[in-house]
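Each chain, letter by letter, is given below.
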Amino acid sequence: MSETHTPLYDGTPVISTQRLTKAFGNLVAVNDLNLQVMRGDVFGFLGPNGSGKTTTIRMLLGLIHPTAGRAVLFGMDNAYQLPAILQRIGAIVETPTFYPYLSGIDNLRVIAANSGMKLGGTNKARYEEVLDIVELQQYQRLVYRNYSLGMKQRLGIAAALLADPELVMLDEPTNGLDPAGVIEIRKLIQQLAALGKTIFLSSHILSEVQQVCNRVAILRKGNLVKQGDVKELLREKEQVEVRMQREGEVQEALEVLQRVREQEASWINHIAVEQNALRQSIILVDAPSARSADINMLLARHNLFAAELHPREGSLEAVYLQATALPHQFSEAGHIETQKFLNAASDNTKGAIR
Amino acid sequence: MSKVSPSMTESLLPMPERSKNVVMGNQSFISVLGRSIAGELYKIRRRAMSKVLSTIAIATIILALLFTNWTSSQPLPDAIYMTLSISNFVGSILFIILAGTIVGGEYSVGTIRLMLTRGPTRLQFLLAKLGAMLICVCITIISLIGIGIITWMLLNLPVGHKIDFSFFTGHWIQHTILFILAIMLSLFTYSMLAVCLSSWGKATAAGVTGVLIWWFLENAISGLLALLGSRLQNAFGNFLATVPDYFIDNNLNALRSNQQNYLMGNSAGAINDLHAGIVIIIYLVVFGGLTWWSLKTRDITN
Ligand SMILES: Nc1ncnc2c1ncn2[C@@H]1O[C@H](COP(=O)(O)OP(=O)(O)OP(=O)(O)O)[C@@H](O)[C@H]1O
Ligand SMILES: [Mg+2]
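Cut-offs and rules
- Sequence order as written defines residue numbering, which begins from 1 separately in each chain.
- Chains and ligands are labelled by the order in which they are written, letters from A for the one and numbers from 1 for the other.
- Where local features are concerned, this predicted model is filtered to residues with pLDDT of at least 70; where side-chain atom pairs are given and counted, the filter is 80 or more; whole-chain, interface and lining totals use all residues.
- Note that the side-chain values use all heavy atoms of the structure and ignore hydrogens as well as water.
- What counts as a helix is a DSSP run of H or I of at least four residues, what counts as a strand is a run of E of at least two, and both are numbered from the N terminus.
- Exposed residues in this analysis have more than 50% of their type's maximum accessible area, buried residues have under 20%, and partly exposed residues fall in between, with area computed by a 1.4 Å probe over protein chains only.
- Any pair of residues with heavy atoms lying within 4.5 Å of one another is described as a contacting pair.
- Here, Shrake-Rupley sampling with a 1.4 Å probe gives the accessible areas, and only protein chains in the shown set may cover a residue.
- Here the positive residues are Lys and Arg and the negative ones are Asp and Glu; neither His nor the chain ends is included.
- Charge coordinates come from a single atom per side chain, which is NZ of Lys, CZ of Arg, CG of Asp or CD of Glu.
- The split into domains, and so the bounds of each, comes from an automatic or database assignment of domains.
- Defined in terms of a 1.4 Å probe, buried area is the accessible area two parts forfeit on being brought together, summed over both.
- Here, a salt bridge means any Lys or Arg side-chain nitrogen found within 4 Å of an Asp or Glu carboxyl oxygen.
- Polar contacts, as counted here, are pairs of nitrogen or oxygen atoms within 3.5 Å of one another; within protein the pair requires one atom able to donate a hydrogen and one able to accept it, and residues that are adjacent in sequence qualify only if both atoms are side-chain atoms.
- We call a residue near a molecule or strand when any one of its heavy atoms sits within 4 Å of it.
- When residue character is reported, Ala, Val, Leu, Ile, Met, Phe, Trp, Tyr, Cys and Pro are called nonpolar, Asp, Glu, Lys and Arg charged, and the others, Gly included, polar.

Participant: It is not clear to me how the overall build of chain A should be interpreted in this structure. Could you clarify?
Facilitator: From N to C terminus, chain A includes 12 helices and 16 strands. Split into buried and exposed, the 354 residues of chain A put 55% on the buried side. When contacts within chain A are restricted to residue pairs at least 6 apart in sequence, those whose partners lie at least 24 apart make up 70%. As displayed, chain A has an accessible area near 15,000 Å², and 49% of this comes from carbon and sulfur atoms.

Participant: Explain the overall build of chain B to me, please; I cannot follow it from the model alone.
Facilitator: Assigned secondary structure in chain B consists of 10 helices and 0 strands. Overall, chain B shows an N-to-C arrangement of helices and strands of α-α-α-α-α-α-α-α-α-α. Dimensions of chain B, computed from the C-alpha atoms along their principal axes, are close to 75 × 60 × 35 Å. For chain B, with 302 residues in total, the buried portion stands at 46%. About 14,600 Å² of surface is accessible on chain B, with carbon and sulfur atoms providing 71% of the total. Positive and negative side-chain charges in chain B, numbering 19 and 11 respectively, have mean positions lying 12 Å apart.

Participant: Please explain the domain arrangement of chain A as it appears in this structure.
Facilitator: Note on interface size: it is often stated as the accessible area lost on association of the parts. Residue and element names in this part refer to chain A. Split by domain assignment, chain A resolves into domain 1 (13–230) and domain 2 (237–324). A separation of 41 Å is found between the C-alpha centroids of domain 1 and domain 2. Summed over both sides, the interface between domain 1 and domain 2 buries roughly 850 Å², with carbon and sulfur atoms accounting for 75% of that surface. When the area that domain 1 buries against domain 2 is broken down by residue, the three leading residues are Leu206, Gln210 and Ile218, summing to 52%. Counting across the interface, domain 1 meets domain 2 through 0 salt bridges. One can count 1 residue pair in polar contact (both at pLDDT 80 or more) joining domain 1 with domain 2. For the side of domain 1 that touches domain 2, the secondary structure elements donating two or more residues are helix H7 (206–212), strand S10 (215–220) and strand S11 (223–229). The biggest single contributor to the side of domain 1 that touches domain 2 is S10, with 4 residues.

Participant: I keep staring at the interface of chain B and chain A and nothing clicks. Help me out?
Facilitator: Every contact between the two is made by 52 residues of chain B and, on the other side, 56 residues of chain A. Between chain B and chain A the total buried area reaches about 4,900 Å² when both faces are included, carbon and sulfur atoms providing 54% of it. The largest per-residue losses of area from chain B upon contact with chain A belong to Leu13, Arg113 and Arg118 of chain B, which jointly make up 16% of the total buried on that side. Lys22 of chain A is the salt-bridge partner of Asp299 of chain B, the closest N and O atoms lying 2.6 Å from each other. There are 31 residue pairs in polar contact (both at pLDDT 80 or more) connecting chain B and chain A. Ranked by residue count, the leading element in the side of chain B that touches chain A is helix H1 (residues 29–46) of chain B, at 7 residues.

Participant: Please clarify how the side chain of Asp249 of chain B should be interpreted in this entry.
Facilitator: Residue and element names in this part refer to chain B. Its location among the elements puts Asp249 in helix H9 (residues 248–263). Buried charged residue Asp249 carries no salt bridge. Nearest counter-charge: Arg256, at 5.1 Å. Within the local environment of Asp249, its side chain forms a polar contact with the side chain of Tyr190, the two groups lying 3.0 Å apart.

Participant: Sorry if this is basic, but what is going on with the site of ligand 1 here?
Facilitator: As a matter of local geometry, ligand 1 sits amid 14 residues, with Gly50, Lys53, Thr54, Thr55 and His204 of chain A nearest to it. Looking at the residues close to ligand 1, they fall on chains A and B. Between Thr54 of chain A and ligand 1, the recorded distance is 2.6 Å, taken from a side-chain N or O atom to an oxygen atom. Between an oxygen atom of ligand 1 and a side-chain N or O atom of His204 of chain A, the distance comes to 2.8 Å. Coverage of ligand 1 by the protein chains reaches 68% of its 640 Å² of free accessible surface. Looking at the shell around ligand 1, the elements that each hand over two or more residues are strand S2 (27–33) and helix H1 (53–60) of chain A. Per-element tally for the shell around ligand 1: the top contributor is H1 of chain A, with 3 residues. Each residue belonging to the shell around ligand 1 can be placed in one class, and the counts come to 4 nonpolar, 8 polar and 2 charged.

Participant: Looking at this structure, how should I read the side chain of Gln87 of chain A?
Facilitator: Inspection of the secondary structure assignment puts Gln87 of chain A in the loop between helix H2 (82–86) and strand S7 (89–92). The buried category is assigned to Gln87 of chain A, whose relative accessible area is 16%. Here the side chain of Gln87 of chain A touches Gln27 of chain B through a polar contact of 3.0 Å, side chain to side chain. Dropping the residues within four chain positions of it, Gln87 of chain A is found in contact with Ser115 and Gly116 of chain A together with Arg18, Met24 and Gln27 of chain B.

Participant: How should the environment of Thr60 of chain B be read in this particular structure?
Facilitator: All names here are of chain B. Relative to the helices and strands, Thr60 is located in helix H2 (residues 48–71). Residue classification places Thr60 among the partly exposed positions, given a relative accessible area of 28%. Separated by 178 residues in sequence, Thr60 and Asn238 place their C-alpha atoms 41 Å apart. When sequence neighbours within four positions are dropped, the list of residues in contact with Thr60 reads Ile86 and Val90.

Participant: Help me out: how do you make sense of helix H3 (residues 104–113) of chain A in this one?
Facilitator: Every α-helical turn comprises 3.6 residues, leaving residues that sit three or four positions apart pointing alike. The buried fraction of H3 of chain A amounts to 9 of the 10 residues, a majority that puts the element mostly inside the structure. Those residues of H3 of chain A that fall on the buried side of the exposure criterion are Gly104, Ile105, Asp106, Asn107, Leu108, Val110, Ile111, Ala112 and Ala113 of chain A.

Take a look at the structure:
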């Protein structure tokens, strides 16, 4: 987590959208989106399939026209100054596409001709440099048609980096990459961030996003449901795991915690029960890890003694699932509701769950 | 180019230096367009299709000259005009296919996304395609004339025929050059139509079949209107009979055949050069304008 913090983060917005909206007929693919991406951010753009990520990226790049709202990049409105904006961006939109009859390096040559770069051999060193970054140098003469999926994706990243842009937008860049490739891309993103580049990364691999991004936005059905600092969002999702000495005490402890939560402890967000690998019941208290001692004290006050008390780190997965779940899915998103456990416990004298 | 947004409240972020390995060129509209055209020509050159099409064109010219020479030897100017007529006919078909492909292919492969997110505007994208087509037309016609002349020489000089340079007068040169330009304009006009239709239809087939249908319809309607006009024998009939004078094919034909008429010492045919020139220019402007407008307003998704 620590190396993800970029030295050049200076709070200047690079991307700022204002009420950006796109409707395809009746379907509102992106609704009233207000995004802020700061210079030096490694910004994770998350959301389920069809939530409008690619549509947003397309609007930012001027490929599709917004139905309402506007997008400002580098301080320029993209409805008016698109060419100047695009010169400063390298992007992959969905699966990269290239000319199938050209080799990798020849594709880069054509792209350079369309990126404001000088023609001819002048930029040959740069083509080789970016091919080297994505480890395609040995395939540079192979026609694109014969590239594997991962090689295509790598060429897409090479093309995005070609003109050394200050903003790199990657729409699911690890799609089709092997595990080593995924790790390489993570490292590459971290290197780019260290150089002061701003990265806008749309991805479904939450663990990767959690590792590289300092800020995220989560979309659900075209609506922005969360935007913020990754560390802060994770802190909100911290939990304390409580294992009681005796299985029989679980129910009692739950009741105590529930009662306390309702009456005094507003720092407890949610309580649930989970079973660990040893089929022991674990009480999960959604509370900052710093509250472990308070929980212990509360239980002790009722003569209940925890055998173990563990802080559990928040995961982006939990943040994501909560933000993107439909209301009725919410309770099933990660663990078993307390009430269900209590019901199950009263049916079953042992207190185990089914 | 760089209109400033009316509601701009943000301050422009300065652009950091690029890596020293990235050598940028001039960013004026024309320079950007020039590099885009160079990129288009590079792609055309590297396509297998261009090689196949050129081979077909060259083979047709050589075979036609071989055949005519086989029956009786023809003088050089006749061979040049034959080469030009064949180039016009074969070229029309080949350039329609090429123009349809270079535009439709961007949509079917999805590379249009790539092209439109690198900096050049949609106008520059379209102009680059048209510029590349124009350059290809010129290069092709000039090369085919060269090939025609060389073939004629190979067939005639070894068997003792001499070149009679008496045809090579200022008058001949003038009208031959204009005839060549008229052919280039014909090929470019059809290429333009193919570029436009395949851009509208987002597919190669839309351009190729679209132009063929256009061609067929023009000829069918011309015939029909001429027939109707002669039957009606009144003002409306006369009007109908003049409608085909505004068709693409008739005007391009007129531009070419007028030069041949002048060369023979005759006067222009039914459609004069000025009329034909203006009609063709209007078509080009309308096709180009509509295509640009549809491209500009379109959402690029696929
Ligand atoms: N051209 C289009 N016409 C109609 N609907 C579209 C079009 N493009 C996208 N959509 C719709 O807009 C919604 C958002 O699509 P989008 O591609 O932005 O999702 P996404 O978040 O990128 O999903 P994924 O994770 O699967 O890539 C979807 O419901 C999709 O069906
Ligand atoms: Mg997508």
